[in-house]
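Coordinate analysis (summary)
In case you want the letters, here they are:
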Amino acid sequence: MVEATTWLVTGSSRGIGLELVRQLVSDPSNIVVATCRDPARAPKLSALKDAAPGQLYVVALDVGSEASIRGSVAEVEGILGSKGLDYLYNNAAITEGDDSAFDFSYDGLLDTLRANVGGPALMGTVYLPLLEKGRRKVIVNMTSGLASIGLDFGAKNATYSISKTALNMLAYKQAKTRPDLIAYVVDPGWVKTDMGGPDAMMEVEESVGRLIRLATTATAESSGRFLRHDGEQVPW
Ligand SMILES: NC(=O)c1ccc[n+]([C@@H]2O[C@H](COP(=O)([O-])OP(=O)(O)OC[C@H]3O[C@@H](n4cnc5c(N)ncnc54)[C@H](OP(=O)(O)O)[C@@H]3O)[C@@H](O)[C@H]2O)c1
């Protein structure tokens, strides 16, 4: 009998997170903990849950709330039983849109850092014991090409870019601190979601197919790196 592979995905009510869950549950060997801010307001996720009983579990988790993050662990432990967590997929994020370094909302900047950096950082910490019990021990932190200074995207989207560059450093530090884990950041590409908008270049199905392939084939070599959906390395 194939031992189940366990996943936890944040921000799975819509967009890339929802598609990650949809594709993961299409493989019966996966057990997926799909987390979202408010399950009562995630009808597409609820529909997936009804179609995959015993394989998909929905847990409320707000990545902008320390209490919510810490409070989620006991429920996830109850779901996984004696199993560990193979993949922690930090996908949830927010954006302030196209602001600039001299014209931004102070509260918006702090809220963005809380959700996009504090959330994934605390998730890595509180889920570390379950990851240690897992067979794969992979932490994926979803970044953006806009986080790259090397790609030189200019002045646009300052708050969001600052948060994702900090997230990149988090993954680097996670990898250096724990060489027994595989921790990396990945840019999903410009994807047609609420965040990416209708003019984006990639369909969500295509991006997510690549993101899952990248995660399931990741090795120690991948750890501490800034990767693109297709596995290419992105300049810091
Ligand atoms: N789309 C792109 O082109 C693109 C490009 C580069 C990087 N990314 C990254 O890819 C990831 C997914 O993006 P997306 O395009 O799918 O975005 P999206 O369509 O805006 O969806 C964002 C998801 O994050 C959730 N979320 C936001 N704040 C949360 C919180 N405090 N707690 C829990 N969940 C929260 C949302 O939940 P609610 O429904 O509750 O709001 C939603 O499920 C993000 O990390 C994003 O930065 C996207």
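Residues numbered from 1 in each chain as written. Predicted model: local features only at pLDDT ≥ 70, side-chain atom pairs only at ≥ 80, totals over all residues. Heavy atoms only, no water.

Named according to an unreviewed UniProt entry, the chain is C-factor originating from Rhodofomes roseus.

Concerning the overall build of the chain
What the chain contains, in helices and strands, is 7 helices and 7 strands. Counted from the first residue to the last, the chain has its helices and strands arranged as β-α-β-α-β-α-β-α-α-β-α-β-α-β. For the chain, whose C-alpha radius of gyration is 17 Å, the value lies close to the compact-globule estimate of 18 Å for 236 residues. Across the 236 residues of the chain, 51% fall into the buried class. Taking all contacts inside the chain whose residues are at least 6 apart in sequence as the whole, residues at least 24 apart take part in 71%. Measuring between centres, the 23 positive side-chain charges of the chain sit 5 Å from its 28 negative side-chain charges. (Helix = DSSP H or I, 4+ residues; strand = E, 2+ residues; numbered from the N terminus. Rg over C-alpha atoms; globule rule 2.2 N^0.38 Å. Buried < 20%, exposed > 50% of the residue type's maximum accessible area, 1.4 Å probe, protein only. Contact = heavy atoms within 4.5 Å. Lys, Arg positive; Asp, Glu negative; His and termini not counted. Charge placed at Lys NZ, Arg CZ, Asp CG, Glu CD.)

Focus on helix H1 (residues 15–25)
Burial analysis of H1 places 9 of its 11 residues in the buried class, the great majority of the element. Inspection of H1 places Ile16, Gly17, Leu18, Glu19, Leu20, Val21, Gln23, Leu24 and Val25 among the buried residues, and these make up the whole buried set.

Here's the deal with the pairing of strand E3 (residues 56–60)
For strand E2 (residues 30–36) and E3, the ladder comprises 5 bridges, and the chain directions are parallel. Counted as the bridge partner of valine 32 is leucine 56 from E3. Once the chain exits E2 it traverses helix H2 (residues 43–51) before rejoining the sheet at E3, and the crossover so formed is right-handed. (Pairing = 2+ DSSP bridges. Right-handed = clockwise from strand over helix to strand, strands pointing away.)

Points about the pattern of salt bridges
Under the defined criterion, the tally for this structure stands at 12 salt bridges. The salt bridge partner of aspartate 38 is arginine 41, with a shortest N-O separation of 3.8 Å. For glutamate 203, the salt bridge identified is with lysine 192, shortest N-O distance 2.8 Å. Taken as a pair, glutamate 203 in the loop between strand E6 (182–187) and helix H7 (204–217) and lysine 192 in the loop between E6 and H7 lie far apart in primary sequence, 11 residues in all. (Salt bridge = Lys/Arg side-chain N within 4 Å of Asp/Glu carboxyl O.)

Thoughts on the side chain of threonine 10
Take threonine 10: it is sitting in the loop between strand E1 (5–9) and H1. Classification of threonine 10 as buried rests on a relative accessible area of 1%. A distance of 3.0 Å separates a polar atom in the side chain of threonine 10 from the backbone nitrogen of alanine 92. Not counting the four nearest positions on each side in its chain, threonine 10 is found in contact with Thr35, Val63, Tyr89, Asn90, Asn91, Ala92 and Met123. (Polar contact = N/O pair within 3.5 Å; in protein donor to acceptor, adjacent residues only side chain to side chain.)

Observations concerning the sheet that holds strand E5 (residues 138–142)
Taken together, the 7 strands give an open sheet; going across it, the order is E3-E2-E1-E4-E5-E6-E7, and neighbouring strands pair in parallel fashion. Single-partner strands in this sheet number two, and they are E3 and strand E7 (226–228). Averaged over all adjacent pairs, the angle separating strand axes in this sheet is 25 degrees, with direction ignored. (Axes fitted to C-alpha atoms, helices over the stretch in contact; angles between N-to-C directions.)

Overview of the site of the ligand
Taken together, 27 residues are adjacent to the ligand, and Ser13, Arg37, Asn91, Tyr160 and Thr193 come closest. In the environment of the ligand, an oxygen atom lies 3.5 Å from a nitrogen or oxygen atom belonging to the backbone of glycine 189. Summarising the interface, the protein chains cover 92% of the accessible area of the ligand, which totals 890 Å² for the free molecule. For the shell around the ligand, a count of residues per class yields 12 nonpolar, 10 polar and 5 charged. (Near = heavy atom within 4 Å. Areas by Shrake-Rupley, 256 points an atom, 1.4 Å probe, with all protein chains shown as cover. Nonpolar A, V, L, I, M, F, W, Y, C, P; charged D, E, K, R; others polar.)

Side note on the packing of H1 against H2
Closest axis-to-axis distance for the H1/H2 pair is 11 Å, and the angle between their directions is 5 degrees. The angle between the axes of H1 and H2 places the two elements in the roughly parallel class. Across the interface between the two elements, Leu18, Val21 and Arg22 from H1 touch Lys44, Leu45 and Leu48 from H2. Partitioned by chemical class, the residues of the contact of H1 with H2 number 4 nonpolar, no polar and 2 charged. (Parallel < 35°, antiparallel > 145°, perpendicular 65-115°, else oblique.)

Some details on the environment of leucine 85
Turning to its location among the elements, leucine 85 is positioned in the loop between helix H3 (66–80) and strand E4 (87–90). In this structure leucine 85 comes out as buried when scored by relative accessible area, which is 0%. What leucine 85 contacts, discounting residues up to four positions off in sequence, is Thr6, Trp7, Leu8, Leu80, Tyr127, Leu130, Leu131 and Gly134.

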